[in-house]
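Coordinate inspection notes
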Amino acid sequence: MIDPDISTADALRLLTARDNIDAAGMDRRRFLQMMGWGVGAGALFGGLGEVLAADLLPGRLREAWATTPVGPNEGILVLIGQFGGSDGLNVVVPHSNSLYYEQHGDVAIPAAQVLPINGQVGLHPNLPYLKSLYDAGQVAIVQGVGYANPDLSHFSSMALWMHGKVGGGLNNGWVGRWLDGLGGDDPFRAATVGQGLPLHLIGDNKRGIAIPQWGVGFGGSTNEHQLWMYDAMRSLAGTPAGRGAWHDTIAKTVKGVIDVGQQVAPVFEQSLPNGRLEKKLTVIARLINANLGMRVLDTGYDGFDNHSSEPQELPGLLTDFDRALQSFFATLDPSFRSRVTIMTYSEFGRTSWANDSSGTDHGTTNNHFIIGPSVKGGLFGEQPSLQGLGRWDRMDFSVDFRSLYATVLDRWLGGGASTVLGGEYEQFDVFNGGPAGDAPTFPPPGAPTGFVPMSPVRILDTRGTTGGHKGALGAGETWSLPVRGIAGVPADAAAVVVNLTGAGATADTFITAWRSGERMPATSNVNVVAQAAVPNLAVIGVGANGAISLFNSAGATHAVADLVGYFREATTDTTALTSLVPSRLLDTRTGTGGRTGAFGPGTEFDLQITGRGGVPAGCAAAVLNVTAVGASSNTYLTVWPNGEGQPYTSSVNVGSGQTAANLVIAKLGADGKLRIRNDAGNAHVLVDVAGYFTAGDGGRYLPVAPRRIVDTRTGVGAARARVGAAPLAVVIAGANGLPATGIAAVQINLTAVAPSQDTYLTVYPSGTAMPNASNLNLAGGAVRANSVIARVAADGKIMVACGQGNTDVLVDVVGFFTA
């Protein structure tokens, strides 16, 4: 059992595969460490020692010692660990917050000494070079980084940061799993500069190498006589010697370490600076200049566990960090500058309250840096709140640390974040384009599916007994709703299409829907206003148990779900999507579509869909955005196939005096028409078409675990700025774990937050003019969401335009359609 009070140094030792040698020894065993095998580590934890040692068995040896240079479009990531738990409040200082000075006491940085970023926060005075990079727009500060249910043990928290995934044994790390997805077997793709290989560089099938900061011993000499010996030893591995597999394995291993040593040795020919981190970062810069193919380079230093004497100890650590950054960029060849990004990490932060020893104790949130010429500088996330904290309270986090990993994996290293991290995490728009590289290859999320449209049918209504949940969903309640075998949904259905409505809520809340049995995503499907009925169409993956999960955030709300179709394995009896640039088929205000004047109570209208807006005859269903405008009373619209009986369902719910839109996927009647009915009062009706379903090979649907790709409030996926006159470009293809090619359309949940006035949002393909259509309508100051199926342009982007004023925008991806 690990001691919960384990020291930083001991935690690092247990999480590192290393060989116990000194800097001066003739270390023939060090080649094991350099190759990432770490035999000297023994049985560390969770089987890691055994996993590493197994690679020495005959037949398991890697022989691909020849390096492949970094490609011109491949990003390079440098990781810097600040072990012990750095004091984020004294690094990014809230200098205008009186609570900081009250709680940090004599440990706090005087406001007059802070290097100000803005009127609220600034940097520690010992970080002048970092401040100059920030002023040049090359530093992103991600505030409030942590994780749920935090562990204050150095070992446990450090292990979680290195593993980077919820669940599973501690036998691999997040960079190692990324390496597993890369092609080839180049051992130089990831390296650490230090005395052993840390967990995060170890994968199930591949791992990085460890290069001691003092240089290479055996194999690294350039002495003529040593080179003769190396050549002789290399020759032993030329052909099998007939002395058994172990002899041949050892011979190949010796050849490998000599080859590695000869390639790395030139890095150490010139003297190195004395600073602990400065020396390591200088070595890393030289390794990058040597262009040995390294995509991820890692190092770190400890000393941040400042339970006492923090004012005396922290400044020196930050001075080393600042000088190390300056030496790194001074050493780095200019041709690599725009291709390198640095990211810091630490197992946790410190408390907001100082202790009685002029120190701080283990905390739960921290601030971290993403640094480089290709970085879009600024503040991201939220500075932790100090309000109401008692002596032993910890600050809340706002950014899961895996969001940092997801951001650099997908946006700098080429992709694979959702597979590497085992889930979806929000990402930050911190790069000005630039390198990414080829995405790792992982097993596909599932087979593409085809759509089977249905006449609408109600499968859940908590106001009655339909669906099995009688009574409103309570605050924080999750409900599992069976869908397979219900209303004709087959046992092999991969996803269902439902119109989900929140009604009669006691407080403003949101409902999240997702595949049952999986981790709840950090997204929302319906943003419900208290005492209103708010709908949104959702395509929801079906869990292995044949169900979907629904979660209500706050208060109590009724939930209604109307089924309109399902996706299953693509066969001849399923249909495929053809996406369109949106166009308007009905506007009762102008007479477009054959009707002029608002719908009255009980009004029904047959709307021709086929033969208009690019929709051909013979298609099975259409993708529409239906809007009710200026309703004179609370009402709802129902849309169903012409020629069939009216279902007891709703497609759009709207309050008196309001305008509301909703995505509708509707089965068409045999005549290519839909029937639209208004329940009460008067309301104008708009219908925009965005696509249609028909027989075909393309346009198959792949649901993904919901993931937030844009949040302009915090800088996720876009600038931290409201969307106004200029439309927002949203990258779909090749981002956030989605394929770089082969996406014809994407399904998103689009949310507008607190617009400056009544407005609407329109989504359309990049490179085309904004159409006369809308996807989301809402009043000033409100929060509203709507599902959107949008055609993706050839450049992999969609555009989001704000019709009037400005608003914050959230975009959650839930699936895509193949080309």
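Our subject is the structure listed above.
Scope of this entry: the structure provided in the associated data block. All figures in this text were calculated on a predicted structure; none of them were measured in a lab.

Considerations on the overall build of the protein
Looking only at helices and strands, the protein features 15 helices and 38 strands. Classification of the 819 residues of the protein by burial places 59% in the buried group. Within the protein, counting contacts between residues at least 6 apart in sequence, those at least 24 apart form 77% of the total. If you sum the accessible surface of the protein, you get close to 28500 Å²; carbon and sulfur atoms cover 51% of it.

Digging into the sheet that holds strand β24 (residues 604-608)
Spatial ordering of the open sheet is given by β24-β29-β26-β27, a layout of four strands whose pairing is antiparallel. The strands lining the two open edges of the sheet, one partner per strand, are β24 and β27 (652-654). Within the sheet, the average angular offset between the axes of one strand and its neighbour, ignoring direction, is 20°. In this structure, strand β26 (residues 635-641) lies alongside strand β29 (residues 673-678), joined through five bridges in antiparallel fashion. Of the residues in β29, the one forming a bridge with Pro641 is Leu674.

Section: the packing of helix α11 (residues 276-289) against helix α12 (residues 310-331)
Running from amino to carboxyl end, α11 crosses α12 at an angle of 20°, the nearest separation of the two axes being 8 Å. One element, α11, and the other, α12, form an angle in the roughly parallel class. The crossing of α11 and α12 is right-handed. On α12, the residues that touch Arg276, Leu277, Glu278, Leu281, Thr282, Ile284, Ala285, Arg286, Ile288 and Asn289 of α11 are Leu317, Asp320, Phe321, Arg323, Ala324, Leu325, Ser327, Phe328 and Thr331. Tallied by class, residues from the contact of α11 with α12 come to 10 nonpolar, four polar and five charged.

The rules behind the values
Residues numbered from 1 in each chain as written. Predicted model: local features only at pLDDT ≥ 70, side-chain atom pairs only at ≥ 80, totals over all residues. Heavy atoms only, no water. Helix = DSSP H or I, 4+ residues; strand = E, 2+ residues; numbered from the N terminus. Buried < 20%, exposed > 50% of the residue type's maximum accessible area, 1.4 Å probe, protein only. Contact = heavy atoms within 4.5 Å. Areas by Shrake-Rupley, 256 points an atom, 1.4 Å probe, with all protein chains shown as cover. Pairing = 2+ DSSP bridges. Axes fitted to C-alpha atoms, helices over the stretch in contact; angles between N-to-C directions. Parallel < 35°, antiparallel > 145°, perpendicular 65-115°, else oblique. Left-handed = near helix turned anticlockwise from the far one by under 90°. Nonpolar A, V, L, I, M, F, W, Y, C, P; charged D, E, K, R; others polar.

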